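Observations on the three-dimensional arrangement
Here is what each chain is made of, one letter per residue.
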Amino acid sequence: MRKFIVALLFLAAPLMAQAELRVFACEPEWAALAEALGGDLVEVSSATHALQDPHYIQARPSLISRVRRADLLVCTGAELEIGWLPKLLSKANNPDVQPGKPGFLEASAHVPRLDVPERVDRAQGDMHPQGNPHVQTNPHNIALVAEALGARLERLDPGNAAAYRENTANFLADWQAAIERWETKAAPLKDLRVITHHKSWVYLVDWLGLEEVATLEPVPGIPPTANHLGMLVTEVGDQGQGADLIVRAPYQSDKASKWLSERTAIPAVMLPLSVGGSDEANDLFGLFDDILSRLLENRGR
Ligand SMILES: [Zn+2]
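Residues numbered from 1 in each chain as written. Predicted model: local features only at pLDDT ≥ 70, side-chain atom pairs only at ≥ 80, totals over all residues. Heavy atoms only, no water.

1. Focus on the state of the cysteines
Cysteine pairs can be linked by a disulfide, which is a covalent bond between their two sulfur atoms. Rules: Two cysteine sulfur atoms make up a disulfide if the distance between them is within 2.5 Å. Where helices and strands are cited, they refer to DSSP runs of H or I of at least four residues and of E of at least two residues respectively, numbered from the N terminus. For each residue, the accessible area found with a 1.4 Å probe, counting protein chains only, is set against the maximum for its type, and the residue is called buried under 20%, exposed over 50%, and partly exposed in between.
A full pass over the atoms with the stated rule returns one disulfide. Each disulfide pairs two cysteine sulfurs, and for Cys 26 the partner residue is Cys 75, the sulfurs being separated by 2.0 Å. Around the S-S axis, the bridge from Cys 26 to Cys 75 shows a dihedral of about 55° and counts as right-handed. Here Cys 26, found in the loop between β1 (21-25) and α2 (28-38), pairs with Cys 75, found in strand β3 (residues 72-75); they are 49 residues apart in sequence, far enough to count as distant. Across this residue pair, the class does not change: Cys 26 and Cys 75 are buried.

Listed below in C-alpha cells is the structure:
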C-alpha cells in the first residue's frame, strides 16, 4: 500500500504547480509582500520573524543555504542587516543575489528615507548611519516597495510577467482603499505625543502626524540606562512637557516602558512592528489595522 502511495505521489508531482522563483526576505513584512505579489509562483521564506530584532540575528548555516538557493533577496537595507547579511551573502556565494544585481532588492532604496544624518558619529553608537531603516511603518512606503517588487518579479520571471502585473495591480488597489480607511480612522491620533523605545516608528510618526517627544534608548541601539530614564521622568512627567503614550516593539523588553509608565502615569503599549508581531497582525493589512487599534485604545487622552 505504501509503495502504491509513493508511486502515486511520484506521478502527481509534475502536475503540481512549481514555484518559479525562490524569494528570501530579510524581514517578515517583505516576505508577506512577496507572497501577496507572487502567489503560487514564488516560494518565500524570511530570515527573521516579528519577535526578533532585525538588527541582530545570527548568520546560521540554514540561512546561508537558503541564500545560496535564492533567486531574489528582498531586504530593508540602509544597514539594518549590516550585522549579518554581508556574512550570509559572502558565505552563500550566490552571484545572482549580490547587491546591485537584479536578484537583490533593497526596499528602503525605493522610499523617501527619513533621519538621514548630516554627519555620522559612529563613536556615539548610532546604528542608523544611512537614515532610518524602519520604513515599513508607513503604508505609503509599502505601496512604493510593492511597485518595485512587482516589476522585479516580472524581470526575473518574464514568462509569468502578466500574472505578477495583475497581482500587483490588485494588491495596490486593495492597499490604497485600506490606506484611506486607516487615515480616516487615525484622524484622532494627530499630534499624539509618543515616547518610543527604539527609533522604530519615525515613518509612522511622520505618516500620522504624531510627535515623537523622546526615546527610551539614549541613542539608537544603546539600551535604556538608569540615567537616561531618570532624566525622562523629569522631561516628560507631570512637571515636564508630558506625553500621551510609550511605545515598544514585541521583541523589546517591557522593563523600561513599565518603569517610566509607573513613574509618569503615561500608558505603555506594545505595537507589532511587522507581520506576525501580534495575533491580529497576520498579514500586512492586519498589521496596520492592529497598530491603529492599539494606538486608539491605549492613548492617554
Ligand atoms: Zn533601528
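From this point, the discussion proceeds with the structure in view.
2. Here's the deal with the coordination of the zinc ion
Here is the rule: Only nitrogen, oxygen and sulfur atoms qualify as donors, and only when within 2.8 Å of the metal (3.2 Å in the case of Na, K and Ca); with water excluded, sites may look incomplete. Working rule for geometry: tetrahedral if four donors all subtend angles between 85 and 135 degrees; square planar for four, octahedral for six, if opposite donors exceed 155 degrees and the others stay between 65 and 115; irregular in every other situation.
Distances from the zinc ion to its protein donors, His 55 (NE2), His 128 (NE2), His 134 (NE2) and His 198 (NE2), fall within 2.0 to 2.1 Å. Coordination geometry of the zinc ion: the four donor atoms subtend angles of 105 to 115° at the metal centre, consistent with an arrangement described as tetrahedral. Considered as a linear motif, the donors of the zinc ion on their single chain read H-x72-H-x5-H-x63-H. Of this pair, His 55 sits in the loop between β2 (42-46) and α3 (61-69) while His 128 sits in the loop between β4 (104-106) and α5 (139-156), and the two are 73 residues apart along the sequence. Accessibility assignment for this pair places His 55 and His 128 in one class, buried.

3. So, the sheet that holds strand β6 (residues 211-215)
Within a sheet, adjacent strands bond to each other through the backbone by hydrogen bonds, running parallel or antiparallel. Spelled out, the test is: Strand pairing is assigned whenever DSSP detects at least two bridges linking the two strands. Lines fitted to the C-alpha atoms define the axes, with helices restricted to the stretch that makes contact. Angles between their N-to-C directions range from 0 to 180 degrees. Contact definition: two residues touch when any of their heavy atoms are within 4.5 Å.
Taken in spatial order, the four strands of this open sheet run β6-β5-β7-β8, and their pairing is parallel. Two strands close off the open sheet at either side, each with one partner strand: β6 and β8 (268-270). Across the sheet, the mean angle from the axis of one strand to that of its neighbour is 30°, orientation sign disregarded. Where strand β7 (residues 245-248) meets β8, three bridges bridge the pair, whose relative direction is parallel. Residue Arg 248 lies in a different strand from β8, and its bridge partner there is Met 270. The sheet strands contacting helix α8 (residues 226-236) are β5 (193-196) and β6, and the helix crosses β6 at an angle near 145°.

4. What to know about helix α10 (residues 284-298)
Put simply, the test is: Here the expected length of a helix is defined as 1.5 Å per residue gap, with one fewer gap than residues. By the criterion applied in these results, polar contacts are pairs of N or O atoms within 3.5 Å in which, for protein atoms, one can donate a hydrogen and the other can accept it, and in which residues neighboring in sequence qualify only through two side-chain atoms.
An ideal rise of 1.5 Å per residue puts 21 Å on 15 residues; α10 measures up with 21 Å between its terminal C-alpha atoms. Along α10, the positions that sit buried rather than exposed are Leu 284, Gly 286, Leu 287, Phe 288, Asp 290, Ile 291, Leu 292 and Leu 295. Elements in contact with the buried residues of α10: α2, α5, α6 (161-185), α7 (202-208) and β7. Put simply, Asp 283 is the residue that caps the front of α10, since its side-chain oxygen is 3.1 Å from the backbone nitrogen of Phe 285.

5. Section: the packing of α5 against α6
For clarity, the cut-off: Roughly parallel refers to an angle under 35 degrees, roughly antiparallel to one over 145, roughly perpendicular to one between 65 and 115, and oblique to any angle outside these ranges.
Contact geometry for α5 and α6: axes closest at 9 Å, N-to-C directions at 175°. Classified by the angle between their axes, α5 and α6 sit roughly antiparallel to one another. For the pair α5 and α6, the contacting residues are Pro 139, His 140, Ile 142, Ala 143, Ala 146, Glu 147, Gly 150, Leu 153 and Glu 154 in the first and Ala 161, Tyr 164, Arg 165, Thr 168, Phe 171, Leu 172, Trp 175, Gln 176, Ile 179, Trp 182 and Glu 183 in the second.

6. So, the sheet that holds β2
Pairing is parallel across the open sheet formed by four strands, whose spatial order is β2-β1-β3-β4. Lying at the two open borders of the sheet, with one neighbouring strand each, are β2 and β4. Between one strand and the next, the sheet's axes are offset by a mean angle of 20°, whatever the strand orientation. Pairing analysis gives three bridges linking β1 to β3, with the strands arranged parallel. In the strand pairing of β3, Val 23 is matched with Leu 72.

7. Remarks on the environment of Val 42
Among the secondary structure elements, Val 42 is positioned in strand β2. Along the chain, Val 42 and His 228 lie 186 residues apart, while their C-alpha atoms are 46 Å from each other. Val 42 has contacts with Ala 19, Leu 21, Val 23, Ala 34, Glu 35, Leu 153 and Tyr 164, leaving out every residue within four places of it along the chain.

Worth remembering: the numbers are spatial, not functional.
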